[in-house]
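# Coordinate analysis (summary)
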Amino acid sequence: TQLLEQSPQFLSIQEGENLTVYCNSSSVFSSLQWYRQEPGEGPVLLVTVVTGGEVKKLKRLTFQFGDARKDSSLHITAAQPGDTGLYLCAGRPPSNFGNEKLTFGTGTRLTIIP
Amino acid sequence: ETGVTQTPRHLVMGMTNKKSLKCEQHLGHNAMYWYKQSAKKPLELMFVYNFKEQTENNSVPSRFSPECPNSSHLFLHLHTLQPEDSALYLCASSQAVAGGVYEQYFGPGTRLTVT
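Residues numbered from 1 in each chain as written. Chains lettered and ligands numbered in written order. Predicted model: local features only at pLDDT ≥ 70, side-chain atom pairs only at ≥ 80, totals over all residues. Heavy atoms only, no water.

Take the overall build of chain A next. Along chain A, the regular secondary structure elements total zero helices and 11 strands. Overall, chain A shows an N-to-C arrangement of helices and strands of β-β-β-β-β-β-β-β-β-β-β. A globule of 114 residues ought to have a C-alpha radius of gyration of about 13 Å, and chain A, at 14 Å, matches this closely. Counting only C-alpha atoms and orienting by the principal axes, one finds that chain A spans roughly 45 × 30 × 20 Å. Among the 114 residues that make up chain A, the fraction classed as buried is 46%. With the model as given, the accessible surface of chain A reaches about 5,300 Å², and the carbon-plus-sulfur share is 51%. Taking the 10 positively charged and 10 negatively charged side chains of chain A as two groups, their mean positions are separated by 6 Å. (Helix = DSSP H or I, 4+ residues; strand = E, 2+ residues; numbered from the N terminus. Rg over C-alpha atoms; globule rule 2.2 N^0.38 Å. Buried < 20%, exposed > 50% of the residue type's maximum accessible area, 1.4 Å probe, protein only. Areas by Shrake-Rupley, 256 points an atom, 1.4 Å probe, with all protein chains shown as cover. Lys, Arg positive; Asp, Glu negative; His and termini not counted. Charge placed at Lys NZ, Arg CZ, Asp CG, Glu CD.)

Printed below as a string of structure tokens:
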């Protein structure tokens, strides 16, 4: 069974600060996705990383896929209250074409204090 | 309507009731999913449908019964539920492409409370 552990589980910081959240596994994934979920809503896809070592930027958010494709990080610069939410990572196992399943992480609940 | 829609958004039902959750995707995808999201637990995959065929049943109790009449619609029929089944039920869809990256798009969810 593939597991994705996210850390920290909870994070509360002041507006304007920087932060990094982590998504770790002992298993290899062919791709990894990050989602943000707001209360009462479904997760919204932010980014997909595919290549080991890949870095993608989405405005103030920087996503990195580990070289061995077992872990990922999300760095937010100058956090804003709109960044508040539950951040989920999800990995796709290497070999299940035609029956796609994602393994979801445990989530990081982020609160940005104005 | 765009994306993935779910109805109802909120549902309260007794343990002896029968109800159904509905999901519709407007993205032209060929795979649909049901997930359960409980407090303090990761998202749990319940069912997967590829091209209307069920390809995954993740040891879900029989009191949950899925139905996929076509690639755009997905139902979850509920009967004789237990209080521990109270959760947010999420529907998602994706496009399966050979060698491609499967990105799942979620609906807003149905908040289910079993009394």
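Alright, that's what it looks like, and here's the rest.
For chain B, the helix and strand inventory stands at zero helices and 11 strands. Ordered by position in the sequence, the α and β elements of chain B form the string β-β-β-β-β-β-β-β-β-β-β. The C-alpha atoms of chain B give a radius of gyration of 14 Å, which matches the 13 Å a tight globule of 115 residues would have. Taken along the three principal axes of its C-alpha coordinates, chain B extends 45 × 30 × 30 Å. Counting every position in chain B, which comprises 115 residues, the buried fraction comes to 50%. Sequence-distant contacts, at least 24 apart, represent 53% of the contacts inside chain B between residues at least 6 apart. (Contact = heavy atoms within 4.5 Å.)

Taken together, the contact between chain A and chain B spans 23 residues of the former and 25 residues of the latter. Roughly 1,900 Å² is buried in total at the junction of chain A and chain B, and carbon and sulfur atoms are behind 53% of that figure. Put simply, chain A and chain B have one salt bridge between them. At the junction of chain A with chain B, the criterion picks out four residue pairs in polar contact (both at pLDDT 80 or more). (Buried area = accessible area lost by both parts, 1.4 Å probe. Salt bridge = Lys/Arg side-chain N within 4 Å of Asp/Glu carboxyl O. Polar contact = N/O pair within 3.5 Å; in protein donor to acceptor, adjacent residues only side chain to side chain.)

In this section: the packing of aromatic side chains. The full count for this structure, using the stated rule, is eight aromatic pairs over all chains. Where Tyr35 of chain B meets Phe106 of chain B, the ring centres are 5.4 Å apart and the plane angle is 45 degrees; that geometry is what we call tilted. Here Phe106 of chain B lies in strand β10 (residues 105–106) and Tyr35 of chain B lies in strand β4 (residues 31–37), a separation of 71 residues in the sequence. Among the aromatic residues, those joined into a cluster by ring pairs are Tyr35 and Phe104 of chain A together with Tyr33, Tyr35 and Phe106 of chain B. (Phe/Tyr/Trp six-rings, centres within 6.5 Å; stacked < 30°, edge-to-face > 60°.)

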